[in-house]
Amino acid sequence: MRVNKLADIQLDNRRVLIRADLNVPLDGTTITNDLRIRASIPTIEFALAHGAGVVVVSHLGRPKAGSDNTHLSLQPVADRLRLMLNRPVNLVKEWTNGLDLGSGEVKLLENIRFESGETKNDSDLARSLASLCDVYVNDAFGTAHRAHASTHGVVEYVTDSCAGLLLASEIEALERALANPKRPLVAVLGGSKISGKLEVLHNLKNVADTLLVGGGMANTFLLAAGTPIGNSLVESELIDDARAIRQASDLPLPVDVMTAETINDGSHAFLRLTDAVRSQESIVDIGPETARRYAKVIAEAGTVIWNGPMGIFEYPQFADGTRVVADAIADSNAFTLAGGGDTVAAIEQFDISDRIDYISTGGGAFLEFIEGKSLPGIEALKRSK
Ligand code: ADP
Ligand code: MG
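Residues numbered from 1 in each chain as written. Chains lettered and ligands numbered in written order. Predicted model: local features only at pLDDT ≥ 70, side-chain atom pairs only at ≥ 80, totals over all residues. Heavy atoms only, no water.

Colleague: Is there a simple way to explain the overall build of the protein chain in this structure?
Modeller: When helices and strands are counted, the protein chain shows 12 helices and 16 strands. Its C-alpha atoms give the protein chain a radius of gyration of 23 Å, near enough to 21 Å, the size a compact globule of 385 residues would have. Taken along the three principal axes of its C-alpha coordinates, the protein chain extends 70 × 45 × 35 Å. Partitioning the contacts of the protein chain with sequence separation of at least 6, the portion at a separation of at least 24 is 73%. A total accessible area of about 16,500 Å² is found for the protein chain, and carbon and sulfur atoms account for 46% of it. (Helix = DSSP H or I, 4+ residues; strand = E, 2+ residues; numbered from the N terminus. Rg over C-alpha atoms; globule rule 2.2 N^0.38 Å. Contact = heavy atoms within 4.5 Å. Areas by Shrake-Rupley, 256 points an atom, 1.4 Å probe, with all protein chains shown as cover.)

Colleague: Is there a simple way to explain the nonpolar core in this structure?
Modeller: Looking at soluble globular proteins, one finds that nonpolar side chains tend to be buried together. The biggest cluster of nonpolar side chains holds 97 residues, and the ones touching the most others in it are Leu-129, Phe-141, Val-188, Leu-201, Leu-211, Phe-221 and Leu-337. Looking at this core, you find at least three residues from each of domain 1 (6-167) and domain 2 (181-371). One finds Leu-6, Leu-22, Val-24 and Leu-60 within the second-largest nonpolar core, a separate group that totals 31 residues. (Core = buried A, V, L, I, M, F, W, Y, C linked by side-chain atoms within 4.5 Å. Buried < 20%, exposed > 50% of the residue type's maximum accessible area, 1.4 Å probe, protein only. Domains from an automatic or database assignment.)

Colleague: How do you make sense of the domain arrangement of the protein chain when you look at a structure like this?
Modeller: Partitioning the protein chain into domains gives domain 1 (6-167) and domain 2 (181-371). Its C-alpha centre places domain 1 at a distance of 36 Å from the equivalent point of domain 2. Interface area lost by domain 1 to domain 2 is led by Phe-141, His-145 and Leu-166, which between them contribute 66%. At the boundary of domain 1 and domain 2, one finds 0 salt bridges. Here domain 1 and domain 2 share 1 residue pair in polar contact (both at pLDDT 80 or more) between them. Looking at the side of domain 1 that touches domain 2 residue by residue, the classes come out as 2 nonpolar, 2 polar and 1 charged. (Buried area = accessible area lost by both parts, 1.4 Å probe. Salt bridge = Lys/Arg side-chain N within 4 Å of Asp/Glu carboxyl O. Polar contact = N/O pair within 3.5 Å; in protein donor to acceptor, adjacent residues only side chain to side chain. Nonpolar A, V, L, I, M, F, W, Y, C, P; charged D, E, K, R; others polar.)

Colleague: Sorry, what's going on with the site of ligand 1 here?
Modeller: Taken together, 18 residues lie near ligand 1, and Ser-192, Lys-197, Glu-314, Asp-342 and Thr-343 sit nearest. Measuring from a nitrogen atom of ligand 1, one finds a backbone N or O atom of Ile-283 at 3.1 Å. The contact in question runs from an oxygen atom of ligand 1 to an N or O atom on the side chain of Asn-307, over 3.1 Å. With the chains in place, 83% of the 590 Å² that ligand 1 exposes on its own is no longer accessible. Counting residues per element, the ones that place at least two in the shell around ligand 1 are helix H6 (215-224), strand E13 (282-286) and helix H10 (341-349). Top contributing element to the shell around ligand 1 by residue count: H10, with 3 residues. For the shell around ligand 1, a count of residues per class yields 5 nonpolar, 10 polar and 3 charged. (Near = heavy atom within 4 Å.)

Colleague: Just checking my understanding: could you explain the pairing of strand E15 (residues 335-338) for this structure?
Modeller: For a regular strand, the rule is simple: side chains alternate between the two faces of the sheet. Taking every second residue as pointing to the same face, both faces of E15 are buried, with Phe-335 and Leu-337 on one and Thr-336 and Ala-338 on the other. Judged from the 4 bridges that link them, strand E14 (residues 303-307) and E15 form a sheet pairing that is parallel. From the neighbouring strand, Val-304 faces E15, where its bridge partner is Thr-336. For the crossover that starts at E14, traverses helix H9 (residues 320-331) and ends in the parallel E15, the hand is right-handed. Note: E15 against strand E16 (residues 358-359), 2 bridges, orientation parallel. When the bridges of E16 are listed, Leu-337 appears paired with Tyr-358. The parallel pair E15 and E16 is bridged by H10, and the resulting crossover is right-handed. (Pairing = 2+ DSSP bridges. Right-handed = clockwise from strand over helix to strand, strands pointing away.)

Colleague: Please clarify how empty space enclosed by the protein should be interpreted in this entry.
Modeller: Taking a probe equal in size to a water molecule and rolling it over the atoms shows the remaining empty space. Applying the stated criterion across every chain, the model contains 1 cavity of 30 Å³ or more. When its volume is computed, the largest cavity comes out at roughly 60 Å³. Lining the largest cavity, in full, are Ala-20, Asp-21, Arg-36, Ala-39, Ser-40, Asp-139, Phe-141, Gly-142, Leu-166 and Thr-361. Here the lining of the largest cavity takes 3 residues from helix H1 (residues 35-49), the largest share from any one element. In the lining of the largest cavity, the residues fall into 4 nonpolar, 3 polar and 3 charged. (1 Å grid on protein atoms, 1.4 Å probe; cavity = no way out; pocket = protein on both sides within 12 Å on 5 of 7 lines; lining within 4 Å. Points joined across faces, edges and corners; volume = space filled by probe spheres on them.)

Colleague: Honestly, the side chain of Arg-14 in this entry has me stumped. Any pointers?
Modeller: Turning to its location among the elements, Arg-14 is positioned in the segment before strand E1 (15-19). There is a polar contact of 2.9 Å between the side chain of Arg-14 and the backbone oxygen of Gln-10. Apart from residues no more than four positions distant in its own chain, Arg-14 is found in contact with Ile-9, Gly-51, Ala-52, Gly-53, Asp-134, Val-135 and Asp-160.

Colleague: Before we go on, may I ask you to explain the packing of helix H5 (residues 198-207) against helix H7 (residues 239-247) in this structure?
Modeller: Axes are the key here: two packed helices are described by the angle between their axes and the distance separating the axes. It is at 9 Å that the axes of H5 and H7 come closest, and there the two elements cross at 20 degrees. Of the possible angle classes, the one that applies to H5 and H7 is roughly parallel. For H5 against H7, the interelement crossing comes out left-handed. Here H5 contributes Leu-198, Leu-201, His-202 and Lys-205 to the contact with H7, which in turn contributes Asp-241, Ala-244 and Ile-245. Counted by class, the contact of H5 with H7 contains 4 nonpolar, 1 polar and 2 charged residues. (Axes fitted to C-alpha atoms, helices over the stretch in contact; angles between N-to-C directions. Parallel < 35°, antiparallel > 145°, perpendicular 65-115°, else oblique. Left-handed = near helix turned anticlockwise from the far one by under 90°.)

Colleague: How should I be thinking about the environment of Glu-368 in this particular structure?
Modeller: Among the secondary structure elements, Glu-368 is positioned in helix H11 (residues 364-370). In the structure, Glu-368 is positioned 246 residues away from Asp-122 in sequence and 23 Å away in space, judged by C-alpha atoms. Excluding residues that lie within four positions of it along the chain, Glu-368 makes contacts with His-145, Lys-373 and Leu-375.

Colleague: For this particular structure, what's the right way to read the sheet that holds strand E12 (residues 270-273)?
Modeller: An order of E12-E11-E13 is seen for the 3 strands of this open sheet, with the pairing classed as antiparallel. Strands with a single pairing partner mark the edges of an open sheet, and in this sheet they are E12 and E13. Pairs of neighbouring strands in the sheet enclose a mean axial angle of 45 degrees, with direction left out of account.

Here it is as structure tokens:
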């Protein structure tokens, strides 16, 4: 069953509750990256342009019960929304007895995780939220993997519900890459560890035509193949998993790597064939020949999914492997999809955002989707009337 879209729903003169993901990084009360706020604007503007009154709801950080959580107020976000929407945006702290809302008005509820029922998916809180609106819109992809009152429970108590523009585009991009991909489908996977991405690897080994691995996770694959990896980060307990994944997929191992004896601004990177890593060295990046081979596979792909840097790209001397692979993805004619906090940071660092077809706004939610899991926030919309 499909999820309703915003354009399918009557919005004129109705109260629309939009669950956005406005969980932005803050330094005190200063927003250090407003990407998530910017990403929420099109849906809010769409509802306003179609005659709705809008209530926005989001969480911010992880408030602790019984602690002073005033630093997690959404006031700075309300201020930023007011600037971006160019209209008043009041932060509402008390709303459980209802609130006044006219067409064209925008109100932002205070951090929904200040309510203890939110993360428990409490039905009373879900009902209170539902009573504020005629239409519920979920646009919070970043929180779609959580069954909370504002992402899941609320849907049961509203007549009309749908995905917002951002959530709809996330679902469309992920389905395009995974459900019926243009082949070959190439998954580029890196980052520090296999452990956090074991489910991703297990799912993609069945779905993708080729897996290209880099980063710390490649070390465990190398060790599983009997290659010495010196002092590198490794998860020996996952060797059997690594073997099973490799057996069930096309997963070419790195043929060369960059190593270092210490990891800091001044440390030197050595180029080594993978069987020549010395005992005191750690692998910090894929080597140039590996990067060239990966780039060739990417150039011939129909679809590319990318999560995880190929090396410790935060240091320029260990960033080449990630850069070559990132450029290959940017240059590829394939449908390209990338996600993950550090992956998006790498994309910004290399200034290639415009040349990736879709960059997911969800970290955990993106990973769960590519694990093949269904996300509660999306499932709730499918079940709605
Ligand atoms: P994402 O946030 O995109 O999902 P991860 O959090 O899994 O990515 O991994 C990113 C981190 O992996 C980066 O901080 C990077 O420095 C680290 N990393 C990459 N290659 C290695 C390596 N060979 N050894 C140790 N850490 C690595
Ligand atoms: Mg990360």
